[in-house]
Each structure stands twice: as structure tokens, then as C-alpha cells.
2 protein chains.
Amino acid sequence: MMNELRTPAGAAGTASATRDRTLPTFYERLDDAMRSCESLLCVGLDPHPRETVDPIADHCRRIIDATVEFAVAYKPNSAFFEASGPDGLATLAAVIAHVPDDRIVILDAKRGDIGSTARAYASAAFDMLGADAITVNPYLGDDAVLPFIENPVRGAFVLCHTSNPGAMSFQHLVVNGWPLYMEVAGRAITWNETCNVGLVLGATYPESLAAVRGIAPTLPFLVPGVGAQGGDLAAAVAAGIDDNGRGLLISSSRGIFFADDPGSSARTLRDAINKARESEIR
Amino acid sequence: MMNELRTPAGAAGTASATRDRTLPTFYERLDDAMRSCESLLCVGLDPHPRETVDPIADHCRRIIDATVEFAVAYKPNSAFFEASGPDGLATLAAVIAHVPDDRIVILDAKRGDIGSTARAYASAAFDMLGADAITVNPYLGDDAVLPFIENPVRGAFVLCHTSNPGAMSFQHLVVNGWPLYMEVAGRAITWNETCNVGLVLGATYPESLAAVRGIAPTLPFLVPGVGAQGGDLAAAVAAGIDDNGRGLLISSSRGIFFADDPGSSARTLRDAINKARESEIR
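The rules we used
Residues numbered from 1 in each chain as written. Chains lettered and ligands numbered in written order. Predicted model: local features only at pLDDT ≥ 70, side-chain atom pairs only at ≥ 80, totals over all residues. Heavy atoms only, no water. Helix = DSSP H or I, 4+ residues; strand = E, 2+ residues; numbered from the N terminus. Buried < 20%, exposed > 50% of the residue type's maximum accessible area, 1.4 Å probe, protein only. Contact = heavy atoms within 4.5 Å. Pairing = 2+ DSSP bridges. Axes fitted to C-alpha atoms, helices over the stretch in contact; angles between N-to-C directions. Phe/Tyr/Trp six-rings, centres within 6.5 Å; stacked < 30°, edge-to-face > 60°. Lys NZ or Arg CZ within 6 Å of the ring centre and 35° of its normal. Expected span 1.5 Å × (residues − 1).

K.L.:
Would you mind going over the side chain of A:Thr67 in detail, with residue names and values included?
P.N.:
All names here are of chain A. Note that Thr-67 resides in helix H2 (residues 56–67). Judged by its relative accessible area of 0%, Thr-67 falls in the buried class. Discounting chain neighbours no more than four positions away, the residues touching Thr-67 are Val-43, Tyr-74, Ile-256, Pro-262, Gly-263 and Ala-266.

Dropping the structure here:
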């Protein structure tokens, strides 16, 4: 099963580093979508098994339909689909196929493995499921990340500073005179040869977000942690916005996915993000 | 779909930290299996899409049947099954179900995510697919690992020093006066409250293997990298063996999975591992 709905012509292969310059890079696609939607909102699709949102596929489609006017991106969380086995993976493909082509789908899978295995994960995410981008874990190093960014049309958001309390365990350890998450950001900049590398930075650590923006002025940031996890929206936007007033995706999952009126919740958050942007741009 | 074939009675739940003391811990199960098989061999099940091993399920079953006399564990690589979509995940479940109950199945998935998401990955690996253990990425910290080890019957092998060249990118950075992989090992020791935490250490870095064994005398090591990746078997065994002459699983994938005579290849490697053990024990 190939997901052809969301596969731009000529972009199916992930193994070729040759760039077809008639196709936009991931950055161009993301920036175009942000500008045309006038939104930096990313809606997380996290069908927790304990919640009663049966059937999952219908609920996800309803969320997408209700929020598509306000969201530039969707972030399905692979784990909650995998927990339903093969049927869950089929549901995930169907949900991704339901997202319009002019929105961005980021598969939140946090993959990372060596060489040919990373290539198989990239193929699963991009060719099989039709995602535009994937979240990637950097611990295994260069050769665990590069297979995900061989195709400039597809993007990878590298875990840099995550939103959870456990982020302190290793990401704040000092290496080479700065925290490990800064070292990861520095390395990600060197990986970004074809404008398709982004970073994951939790809204719960706005000072870290600002520090990374200081060394990575043009990389897009995927920012979870606003809402249920307690991140301060205005602080995150102020810390993460780029010189164009874009460059970040504020991701909300539970606050929209389980809302009584998901469209209203999405509009409210989109508007709050844009208000915070405007006060920064001014 | 629940995989009941490989689920010991009372062990289905992953969310309870209460230990049923009538059930063996993961360490006890692993050590029992090593002793009864007189083998430290783990056979990797890596159906690379470019190889012609169609259909994958049949090939994996043939490999298991041909090697079960010589192997104590099997390590299916999730990526190569995921790359075939929902059908691939069904194949993975069927392949795991084919492994006898007295052998250990380690799902090589390198998962890592926060709280409820990690719990969903654990449910997918243990309850849905029926694996006994999973490989886990430590970058997100404590709360990304703990959900995988809540059930003492199930194990997690934490990535410590991987076998790839990119392992140098971050794992060798000095933190707190020693390399990051040593810090990860130290943290894994503290996580190991119910005898079910192991470490992944590549055979390609025997000095690192020995250093970690020096601080973690009782943790089991999963050791890939012998064979195609060039790791020296005798050096890896000498560096990784525990005081009982066990405590490590030497994993071979391509050298057995694509061999003309997989049984013979498995026997040869099992015997070579045991010879290296004996010269260490003497």
C-alpha cells in the first residue's frame, strides 16, 4: 500500500540525494503553508487508548475537519496508533491521507537507528504513511539522522530539548562548555544542507528555546508543551519566533483533540499565537 | 488483537508496578534461558526490503526453525516490518508468536517518548506484539524509560554505546568527567529496581564495553555489531561477560538471516561464543 494522495510527484523516493529543483524544499513548503494559513498552530492527533474516541479514525477526521481553517500542521502520534496493532497503522495512514495537501503532516515517531534501518523507518513514514516530516532522536548520531533528510521535500525535526521533566536527565549535561541540547542544535545546523532540518523544543523551557534560536536563526522549531504540560505561550513565541515572524509550530494535543468544540479551541489558540507574534514583530 | 501465545499468565498488564512474586523477573527468565540453551546467541530478524526473502513471514519462520537449537534470543527489527505498513505489523506479530516460549524476544524498536506515549509504545511491544523486551533510547530521560520497565517480567535494553560510526557524535562527549554513554549506564543502574534493565553496547567498541561492565557488573548487555559491522567476537566476549560467564547476548543479523545454511551459521557462531566464554572463565 502506497499512500499516493499526499506524495508530491517525483518525491516518492527517499534514497536519492539528488534534488529536483522544480520541487520546493521542506522549508519552502512549510513557510508557504504558514503564510497562506496565517497560522503557526499544529494540532496533535493523540488518540489515548483510555479516552473514548471510538472509532479513532472517525474522531481524527472530525478533528481535522473542524480545525483545518486554523491549523497549518497536524502531528499524529505514532505510539497511540501502533498500540492498536496492524489496524491502528491502517488507521494512521487513513488519518494522514485525510489532511489536505496544503497542510503539513509531521509524524511524531521519535525514530532513530543506524543506516539501513533508519532508511526503512524513513520509508515507512514518508512512502508508506505519506507524512511530510518526522520527529527524530539524535542519540545515535549522524548516520541515524541523515537517512531521514535525504529527500529535501521531506523534513526531520530533531529532538533537541524536550518538554518533559526527564529532559533534565541528559539534555542539560554540560558538554564542550554548553548543554547537550545546544550541542545537538549545533550538529543539526551542520546536517541542514537542503533546508529540511528542524528542531523539537518544549514550550516548558523558554530560556532553552531562546538560547537555541540564538545559534539557529533559520531552523523551524516544533514546540509542544503549551496547554496541559503548562508551557507559557507568550514566552514560547517570544523565545522561538524567527526574523520573519514565523519559524515555529506551536503544537497542542489534548487541549484540542479532546475539546468539546475542537474548532473553537483551535481558533482561540491560533489567535493567541498570532497576537503573541504581533507583539513581538512590533 | 492480543498476542496471547507469548504472554505469561498475569503478565499482560504493563501499567502496574506491583510485582507478582510467583512470576520470574526478566533477568531470571533470561538467565534461565541462557543456561538451558547453553547459548548467548541472539539472532536478528532484519528483512531488508532490497533482499528477496518473500514472503517475509515464511522466511523468518524458517530462520527461527533452523536456528532455535542454537539461539537463546531473537531480535526482530521493527523498522523493516513497519516499512511494509499494516501488513508488515501483522507479519511481525506472527513472527514473534512463532518463537518458542522458552526463548527471549527482544523487539528492536529503539523507542523513547514521554509518559503516556511511552506507555502506549510499551503496550504495543509487550501486549500487542508479545515481545519479552524492547530496545529503548535514553535521550528523553527518566520518564521516557520507566514506562517500559514497570512490569518486572518484561525488559528494556537501553541504548548506551551503539555499534555505528555515528556513536561518536554524542555518546563520547564528556559529561561529569566521563563519556555520555557511561553517564547513561550509570543512570540505567538506578532505573533497575526490579531486575529488568539491560544495555545495548556495540561489539565494535570493546573498550567501551569493558568500561561499562566495570560499573555495571550485573546488567545484561545486548551486543550487536559482530559480523558485517566488523566487531571482534573474542574481544567483545572478554569485555562483556559477567562473573557467571553469561550476562550478554551476542546478536548477529545479516550473517545468519541471509546465510545459505542459517542453522549451520548459527551453530558456528554459538560455538565460537562459547569457546570465547570458556577461555575467559578458565
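K.L.:
Tell me about the sheet that holds strand S1 (residues 41–45) of chain A, and name the residues and values.
P.N.:
Residues and elements named next belong to chain A. Ordered by their spatial adjacency, 8 strands build a closed barrel running S1-S2-S3-S4-S5-S8-S9-S10, and the pairing between neighbours is parallel. Averaged over all neighbouring strand pairs, the angle between strand axes comes to 30 degrees, with direction disregarded. Summarising the sheet, S1 and strand S10 (residues 248–252) pair through 3 bridges and their orientation is parallel. By the bridge assignment, Cys-42 is partnered in S10 with Ser-251. The strands touched by helix H4 (residues 85–98) within the sheet are S1, strand S2 (73–76) and strand S3 (104–111), with S3 carrying the most contacts at an inclination of about 150 degrees. Relative to the sheet, helix H12 (residues 262–281) contacts S1 and S10, its axis offset from that of S1 by approximately 145 degrees.

K.L.:
Which residues make up the environment of B:Val184, and what values do they have?
P.N.:
Mapped onto the secondary structure, B:Val184 falls in helix H8 (residues 180–191). With 43 residues separating them along the chain, B:Val184 and B:Gly141 place their C-alpha atoms 9.3 Å apart. Ignoring any residue separated from it by four or fewer positions in sequence, one finds B:Val184 in contact with A:Tyr139, A:Phe170, B:Pro138, B:Val158, B:Leu159 and B:Cys160.

K.L.:
Describe the packing of aromatic side chains, naming the residues involved and giving the relevant values.
P.N.:
One pass over the structure, following the stated rule, counts 6 aromatic pairs over all chains. Measuring from centroid to centroid gives 5.9 Å for A:Phe26 and A:Phe157, while their planes differ by 85 degrees, and the two rings are edge-to-face. You can see A:Phe26 sitting in helix H1 (residues 26–37) and its partner A:Phe157 sitting in strand S5 (residues 155–161), a full 131 residues away along the chain. The same class applies to A:Phe26 as to A:Phe157, namely buried. Judged by centre distance (6.3 Å) and plane angle (90 degrees), the ring pair of A:Phe170 and B:Trp191 falls under edge-to-face. Linking A:Phe170 in helix H7 (residues 167–170) with B:Trp191 in helix H8, this pair reaches from one chain into another. Overall, the relative accessible area of 7% leaves B:Trp191 in the buried class. Above the face of the A:Phe221 ring, A:Arg213 is positioned so that its terminal group lies 3.7 Å from the ring centre.

K.L.:
Give a detailed account of H8(B), specifying residues and quantitative values.
P.N.:
When the terminal C-alpha atoms of H8(B) are compared, their 17 Å separation across 12 residues agrees well with the 16 Å that a helix rising 1.5 Å per residue should span. Taken together, the buried positions of H8(B) are B:Leu180, B:Tyr181, B:Met182, B:Glu183, B:Val184, B:Ala185, B:Ala188 and B:Trp191.

K.L.:
Tell me about the environment of A:Asp261, and name the residues and values.
P.N.:
Along the polypeptide, A:Asp261 turns up in the loop between helix H11 (254–257) and H12. Residues A:Asp261 and A:Met168, 93 residues apart in the sequence, show an inter-C-alpha distance of 35 Å.

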